[in-house]
Amino acid sequence: LQQADIDGDGCIETITAVDTNCRQLIAYGDDGKVKWDCDVGGCATALVFDPVTQRVLVTSEAGYVVAVDGSSGQRAWVAWVGETTELIWVLPGGRIVAVAQRGVIWMILPTGEIQGQIDLGEPITAIPRPGNHRGPGRNFIIGTQSGRVLTLP
C-alpha cells in the first residue's frame, strides 16, 4: 500500500499491490473509487512509485517487474527476472533495482531492459520495510546473512 500523487493532478491516490488471481495492482482516487487496475502476472510482492516518471513499479511472485503509467494504468513495460523479488527501488537517474532475498539483485534500465544482475552468494536478511525508502535522498541499503551491509547512493 502506498499513497502518492501518481498522475500529477495534485490529489493523493492510494495504490495497493495485492495477492489475488487478477487485478493485483489497483489505484484508488482521493474519493476512494477505483481509478484503474492492472494484472501483473501473479501475486504482487513489492511496490514503489517513481515521481520523476510518474510510474508505479511493482514486482510479482511470477518473476515479473512491471512499470505502469500512473495516469492511465497502462503498462509502460514488463521485464522478467525469473523469480520473486521482495524489494523494488528507483535510484537517482532512473535505474531500478529489484532484490530477491535469496541474494540476487537485478539492475533494470528506465526502459525496462535488464542491465545486469549481482549474486551476493548469501541470503539478504535485512531490507527496508515498506515506506522506509520513499523519500528522495535516501540510500539503498541491505544487510546479508553474514553481517555485511551494502549501500548504493
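Our structure's up above, just so we're on the same page.
Residues numbered from 1 in each chain as written. Predicted model: local features only at pLDDT ≥ 70, side-chain atom pairs only at ≥ 80, totals over all residues. Heavy atoms only, no water.

Asks: Teacher, can you tell me more about the overall build of the protein here?
Replies: Regarding its fold elements, the protein presents zero helices and 15 strands. Here the C-alpha atoms of the protein give a radius of gyration of 15 Å, agreeing with the 15 Å that 2.2 N^0.38 yields for 153 residues. Projecting the C-alpha coordinates of the protein onto the three principal axes gives extents of approximately 45 × 35 × 25 Å. Expressed as a percentage of the 153 residues in the protein, the buried residues total 43%. (Helix = DSSP H or I, 4+ residues; strand = E, 2+ residues; numbered from the N terminus. Rg over C-alpha atoms; globule rule 2.2 N^0.38 Å. Buried < 20%, exposed > 50% of the residue type's maximum accessible area, 1.4 Å probe, protein only.)

Asks: Where do I start with the pairing of strand β6 (residues 55–60) in this structure?
Replies: Counting buried positions along β6 gives five out of six residues, so the element sits mostly inside the fold. The loop that links strand β5 (residues 44–50) with its antiparallel partner β6 comprises four residues; one of these, Gln54, has a positive phi angle of about 55°. The pairing of β6 with strand β7 (residues 64–69) spans five bridges and is antiparallel. Within the sheet, the bridge partner assigned to Val56 lies in β7 and is Val68. Here β6 hands over to β7 after three residues, with Gly63 in that stretch at a positive phi of 95°. (Pairing = 2+ DSSP bridges.)

Asks: I tried to follow the sheet that holds β7 on my own but got confused; where do I start?
Replies: Taken in spatial order, the four strands line up as β5-β6-β7-β8 in an open sheet, and their pairing is antiparallel. For this open sheet the edge positions go to β5 and β8 (75–80), each flanked by a neighbour on one side alone. Averaged over all pairs of adjacent strands, the angle between their axes in this sheet comes to 15°, without regard to strand direction. (Axes fitted to C-alpha atoms, helices over the stretch in contact; angles between N-to-C directions.)

Asks: In this structure, what is going on with the side chain of Thr85? I would like to understand it.
Replies: Relative to the helices and strands, Thr85 resides in the loop between β8 and β9 (87–90). Each residue touching Thr85, except ones within four places of it in the same chain, is listed here: Thr45, Ala46, Thr59, Ala98, Val99, Ala100 and Trp106. (Contact = heavy atoms within 4.5 Å.)

Asks: Honestly, the pattern of salt bridges in this entry has me stumped. Any pointers?
Replies: When their charged atoms lie close together, side chains carrying opposite charge are able to pair. Inspection of the entire model under this criterion finds three salt bridges. Across the pair Asp7 and Lys35 runs a salt bridge, and its minimum N-O distance is 2.6 Å. One end of the pair, Asp7, is in the loop between β1 (2–4) and β2 (13–17); the other, Lys35, is in strand β4 (residues 34–38), and 28 residues separate them in sequence. Taking relative accessible area as the criterion, Asp7 reaches 15% and is therefore assigned buried. (Salt bridge = Lys/Arg side-chain N within 4 Å of Asp/Glu carboxyl O.)

Asks: I'm lost on unusual backbone geometry in this one. Help?
Replies: As a rule of thumb, non-glycine residues mostly have phi less than zero, and peptide bonds are mostly trans rather than cis. In the Ramachandran plot, Gln54 falls in the positive-phi region, its phi being about 55° despite a non-glycine side chain. Relative to the assigned elements, Gln54 resides in the loop between β5 and β6. A relative accessible area of 26% means that Gln54 is categorised as partly exposed.

Asks: Help me out: how do you make sense of the sheet that holds β9 in this one?
Replies: Sheet strands pair by backbone hydrogen bonding; their relative direction is either parallel or antiparallel. Read from one edge to the other, the open sheet built from four strands follows the order β9-β10-β11-β12, with strand pairing classed as antiparallel. Edge positions in the sheet fall to β9 and β12 (114–119), since each of these pairs with one other strand and no more. Across the sheet, the mean angle from the axis of one strand to that of its neighbour is 20°, orientation sign disregarded. Here strand β11 (residues 104–108) pairs with β12 via five bridges, running antiparallel. What sits directly across from Ile108, in β12, is Ile114.

Asks: Is there a simple way to explain the environment of Val34 in this structure?
Replies: Locating Val34 in the fold gives a position in strand β4. Judged by relative accessible area, which is 43%, Val34 ranks as partly exposed.

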